[in-house]
Amino acid sequence: MRAKTKILIYTSMPWSHSNRKEFTLELGRQLQDAEIVVIDRPSAIFPNIFRPSKWWQFRRDDRLTKEIHGVTVIRPTTIFHDQITSISTTPFGAFLNNLLIKRFLRKHTTILEGTGKRILWLYEQISWPISTVADWDEIVWEIFDDYTLHSDGTTRQKWAKQEHQMIRISTVCFTLTSKLKEKYCNLTKNVHVIGNGFDEFQMSNARPPKELPSYLSSNKIRVGFVGRVRSWIDFRLLESIVIDNPNYDFIFIGPVDNDVISELKNLRRHSNFHYFGPVSKSEGYWHMKNMNIGFVPYVRSSFTAAVKPIKMVEFLAAGIPVVTTLDADIEAYKPFVRTVTSPKDFKSSVIYFEQQSNNSEMCKELVKNDRWSEKVKFVKRTLRLNQQN
């Protein structure tokens, strides 16, 4: 009997919110004989014990184990902090966390036992693997953005130091954009752009909400955003565009971060701006299909210069052209992705899309290689994994 390939994945965000959830499930579908274990963002004893609402979540989710398409997801308990390791976690705290995580892995999986190729897959800031480097045949480090630009000078220095540590132990590095690849090519040769993708099955079988949204009854051009409403959004530019285009409906769908609630409230004063709150992935895809234009109005900065939003790919997969303030890796999607920096640019881009014919099929054709199934095939080739393991 051929030995199983074993893949252990540390997530940098809750599994239910992860952009890589569909990717991981597709990995499980294509590597049916592999053992894939995901460590979800753990429940931490401290500080959750001092917060009653978090304590209930901690007690309810403790030792959660579930298996989907051959992928086992576990949420272990740690001592400090809800990340596995963090820049704010002391070395001793990280050591205690890793001991607990090892215990959970041995109890719920066989990932640390037996023979076969072993792959440790880490995301962004996560560091300090639970076992020694020698225990793994491949260590994959995947980088979504240049997170060293998130914070102040002291933390940035710590993250930069951690970054070099991760590069040193990693055998393969995947990045979201070519700009990130350029940065890490200076540190390691084995770096590849994997990019964001979409779930073809969910997109094809997108379900409408139980109650159809009111915007369907409007004859206006629908400009949509489906995703987290957060500080990345350029609210000043967005409001200027909303005010300058009263004949368009601007429809925003998704959860909102607490620190931008006032900005969202301000936008809702305008009659052509509509906010509908969070929805499921399937419903989100349905809403995308019912827009005329996808809109990604992020702040332009040194950080977002290396960002390629997953919603850009998803809108194209829904057959909808996209207007965005970002320009990382959009060349392959032109002319159905256009960059704007002003209300005037926005209006000319929308007029351009209105004048085009057969937008839908051409948009879908542009992202046929961005399906998660194609991304997984690329990963299998890179890590030398065949379908039979």
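Before reading further, recall that the structure is shown in the block above.
Quick notes on the rules
- Residues numbered from 1 in each chain as written.
- Predicted model: local features only at pLDDT ≥ 70, side-chain atom pairs only at ≥ 80, totals over all residues.
- Heavy atoms only, no water.
- Helix = DSSP H or I, 4+ residues; strand = E, 2+ residues; numbered from the N terminus.
- Disulfide = S-S within 2.5 Å.
- Buried < 20%, exposed > 50% of the residue type's maximum accessible area, 1.4 Å probe, protein only.
- Pairing = 2+ DSSP bridges.
- Contact = heavy atoms within 4.5 Å.
- Axes fitted to C-alpha atoms, helices over the stretch in contact; angles between N-to-C directions.
- Left-handed = near helix turned anticlockwise from the far one by under 90°.
- Nonpolar A, V, L, I, M, F, W, Y, C, P; charged D, E, K, R; others polar.

Turning to unusual backbone geometry, a few remarks are in order. Here the residue pair lysine 334 and proline 335 is connected by a cis peptide bond, since its omega of 10° sits within 30 degrees of zero. Mapped onto the fold, proline 335 is located in the loop between strand 15 (322-324) and strand 16 (337-339). The phi dihedral of aspartate 329 is positive, around 55°, even though this residue is not glycine.

Right, let's talk about the state of the cysteines for a bit. Inspection of every chain in the model, using the stated rule, returns 0 disulfides. Considering cysteine sulfurs only, cysteine 185 is the nearest to cysteine 173, which forms no disulfide, with 8.8 Å between them. Exposure remark for cysteine 173: the relative accessible area of 1% places this residue in the buried category.

With 5 of 5 residues buried, strand 2 (residues 35-39) lies mostly within the body of the structure. Of the two faces of strand 2, the one carrying Glu35, Val37 and Ile39 and the one carrying Ile36 and Val38 are both buried. As paired strands, strand 1 (residues 6-10) and strand 2 are joined by 5 bridges and run parallel to one another. Note on strand 2: the bridge partner recorded for lysine 6 is glutamate 35. Bridge count for strand 2 against strand 5 (residues 71-75) is 4 bridges, and the pairing is parallel. Counterpart to isoleucine 36 in the pairing with strand 5 is valine 71.

This brings us to the pairing of strand 9 (residues 172-175). Every second residue of strand 9 is oriented toward a common face, with Val172 and Phe174 on one face and Cys173 and Thr175 on the other, all of them buried. For strand 8 (residues 138-143) and strand 9, the ladder comprises 4 bridges, and the chain directions are parallel. Each residue of the ladder has a partner; that of isoleucine 143, found in strand 9, is threonine 175.

Mapped onto the elements, leucine 267 comes out in helix 8 (residues 261-267). Owing to a relative accessible area of 2%, leucine 267 belongs among the buried residues under this scheme. The spatial distance from the C-alpha of leucine 267 to the C-alpha of phenylalanine 235 is 8.4 Å, given a sequence separation of 32 residues. Excluding its chain neighbours within four sequence positions, the residues that come into contact with leucine 267 are Phe235, Leu238, Glu239 and Phe273.

Once that is clear, we can look at the packing of helix 1 (residues 21-30) against helix 13 (residues 372-382). Closest axis-to-axis distance for the helix 1/helix 13 pair is 9 Å, and the angle between their directions is 65°. Crossing angle aside, the handedness with which helix 1 passes helix 13 is right-handed. Counting all contacts with helix 1, which are made through Glu22, Phe23, Glu26, Leu27 and Gln30, the residues of helix 13 involved are Trp372, Ser373, Lys375, Val376, Lys377, Val379 and Lys380. Among the residues forming the contact of helix 1 with helix 13, the class breakdown is 5 nonpolar, 2 polar and 5 charged.

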